[in-house]
Amino acid sequence: MVDLRELIQKVLQAKNKLELQNLKTQFLGKNSQINQEFKKLGSLAEDERKTRAASLNNEKQKITEAINSRFKELEKSEINQKLQKDKVDVTLPARERPNGKIHPVSQVIDEISSIFSEIGFSVAEGPDVETEYNNFTALNTPEDHPARDMHDTFYLDGNKKILLRTHTSPVQIRAMLSGKPPFKIIVPGRTYRCDSDQTHAPMFHQLEGLHIDKDITMGHLKGCLDYFVKEFFEVKKLQMRFRPSHFPFTEPSAEVDIGYRLENGRIIVGEGDKWLEILGCGMVHPNVLKNAKVDPKKFQGFAFGMGIDRLAMLKYGINDLRSFFEADYRWLNYFGFDPLDVPTNYRGLSR
Ligand code: PHE
């Protein structure tokens with residue numbers, strides 16, 4: 001026989017939901033006493049069976065009711081406990097805005113990365129201290145090549161084997177040597193040349209682009225740059241011209257100008273009667289591919305390199321390149337960006 005009062009007593013004293021759950025299994029589950037009693041019904045005479053079944057059902061219902069009511073009680077006290085713990089002190093002051101600002105160069109690198117990632121480029125990096133081999137020789141710029149003089153290199157050793165990279169192009173070599181084609185990367189980073197005036201700093205920033213695959217053409221290069229410049233300057237119309245040029249590591253090579261006009265001394269990018277050079281580019285020279293262990297008979301593609309600081313100056317109306325690197329807090333406060341406002345193509349790139 002089931003001692004109903006005792007069972008119900010136990011249920012009502014259950015301290016938490018887990019204990020209650022265990023009691024439920026014990027009192028109503030497959031192996032519970034009441035279940036055993038139900039099984040015995042079959043062997044009883046019909047009259048007896050009916051009354052016995054009714055009383056068993058009654059007991060079962062009472063237990064169930066007790067369990068349900070205890071469950072509700074426990075739930076309520078749990079919520080109350082939580083509310084007690086989660087008290088919010090509404091008298092606390094609001095959190096202050098962070099004090100720091102994002103430097104325009106960092107901001108522009110984020111913007112550029114976001115724009116190129118939309119069309120499948122990933123970001124690669126390389127060291128500032130490079131070998132002479134990666135910076136020049138592997139890029140088809142042999143020892144006696146005049147292009148070496150144009151770069152005003154900072155050498156770090158007497159043998160001129162180690163240097164501060166003069167452009168981000170050596171990362172082309174590093175990237176290709178450390179993977180298999182196709183390659184589709186951009187490389188933002190610091191670069192160094194012994195040069196300093198209003199538009200040149202000894203340390204500046206470049207962005208390299210490299211896209212190598214089976215049938216990449218100059219047409220792809222053009223489309224890619226047109227897309228980038230329009231997105232970056234947030235303009236719908238853009239005049240762009242490719243001027244034939246020379247770089248040892250590309251053939252053919254071109255320099256790219258974009259159209260602009262002046263309005264009250266401000267540069268308006270997109271259309272106009274003036275041209276501004278923004279980058280160098282071309283089809284990667286077969287010798288460069290060979291040096292980077294890529295078969296030029298199977299693969300080809302384009303590369304480009306642009307000055308990031310220049311782009312930042314143009315977009316945000318900053319006149320002197322040197323102010324970028326003076327670490328003047330007032331300047332940074334004025335030209336800097338909110339650290340919580342990360343640029344994306346969806347939310348907008350600039351403020
Ligand atoms: N590295 C070149 C420079 O610094 C730019 C460039 C990169 C040109 C890639 C062509 C291809 O001037």
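If you're wondering where the values come from, they're calculated on a predicted model, not measured in any experiment. (Residues numbered from 1 in each chain as written. Predicted model: local features only at pLDDT ≥ 70, side-chain atom pairs only at ≥ 80, totals over all residues. Heavy atoms only, no water.)

(A) Structural context of the environment of I119. Residue placement: I119 occurs in the loop between α5 (104–117) and β1 (122–123). Separated by 105 residues in the primary sequence, I119 and C224 have C-alpha atoms spaced 8.5 Å apart. Setting aside anything within four residues of it in sequence, one finds I119 in contact with K184, C224 and Y227. (Helix = DSSP H or I, 4+ residues; strand = E, 2+ residues; numbered from the N terminus. Contact = heavy atoms within 4.5 Å.)

(B) Region of interest: the layout of surface pockets. Within this model, the largest pocket holds a volume of roughly 1,400 Å³. Taken together, 45 residues line the largest pocket, and the ones lying closest to its centre are H200, E277, I278, G307 and R310. Taken together, the elements giving at least two residues each to the lining of the largest pocket come down to α7 (147–150), β5 (203–213), β6 (240–247), β7 (250–263), β8 (266–269), β9 (274–284), β10 (300–307) and α11 (308–316). Here the lining of the largest pocket takes six residues from β9, the largest share from any one element. As a volume, the second largest pocket reaches approximately 290 Å³. (1 Å grid on protein atoms, 1.4 Å probe; cavity = no way out; pocket = protein on both sides within 12 Å on 5 of 7 lines; lining within 4 Å. Points joined across faces, edges and corners; volume = space filled by probe spheres on them.)

(C) Examining a negative patch on the surface more closely. On the surface, D149, D152, D195 and D197 cluster together into a negatively charged patch. Among the secondary structure elements, D197 is positioned in the loop between β4 (183–192) and β5. Accessibility expressed as a relative area gives 31% for D197, which makes it partly exposed. (Patch = residues over 30% accessible without salt bridge, like charges linked within 9 Å, V, L, I, M, F, W, Y side chains within 5 Å. Areas by Shrake-Rupley, 256 points an atom, 1.4 Å probe, with all protein chains shown as cover. Salt bridge = Lys/Arg side-chain N within 4 Å of Asp/Glu carboxyl O. Lys, Arg positive; Asp, Glu negative; His and termini not counted. Charge placed at Lys NZ, Arg CZ, Asp CG, Glu CD. Buried < 20%, exposed > 50% of the residue type's maximum accessible area, 1.4 Å probe, protein only.)

(D) Spotlight on helix α1 (residues 4–13). Those residues of α1 that sit buried are L4, L7 and V11. What you see down the axis of α1 is that its buried residues fit within an arc of 65 degrees, all on one side. For α1, the exposed residues lying more than 90 degrees away from the buried face are R5 and Q13. Here the buried face of α1 lies against α2 (17–28) and α4 (46–85). (Arc of directions from axis to C-beta.)

(E) Structural detail: the pairing of β6. Note that β6 and β7 share seven bridges and pair antiparallel. Counted as the bridge partner of F242 is V256 from β7. Counted along the chain from β6 to the antiparallel partner β7, the turn is two residues long. (Pairing = 2+ DSSP bridges.)

(F) Inspection of the environment of A327 at higher detail. Here A327 is to be found in the loop between α11 and α12 (329–335). Remark: the alpha-carbon pair of A327 and H103, spanning 224 residues in sequence, is separated by 9.6 Å.

(G) Inspection of the packing of α5 against helix α9 (residues 218–233) at higher detail. Two elements in contact, α5 and α9, have axes separated by 10 Å at closest approach and are oriented at 135 degrees. By the angle class used here, α5 and α9 are oblique. Taken as a pair, α5 and α9 cross one another with a handedness that is right-handed. Of the residues in α9, those touching α5 at V108, E111, I112, I115 and F116 are C224, Y227, F228, E231 and F232. Across the contact of α5 with α9, the residue classes tally to eight nonpolar, no polar and two charged. (Axes fitted to C-alpha atoms, helices over the stretch in contact; angles between N-to-C directions. Parallel < 35°, antiparallel > 145°, perpendicular 65-115°, else oblique. Left-handed = near helix turned anticlockwise from the far one by under 90°. Nonpolar A, V, L, I, M, F, W, Y, C, P; charged D, E, K, R; others polar.)

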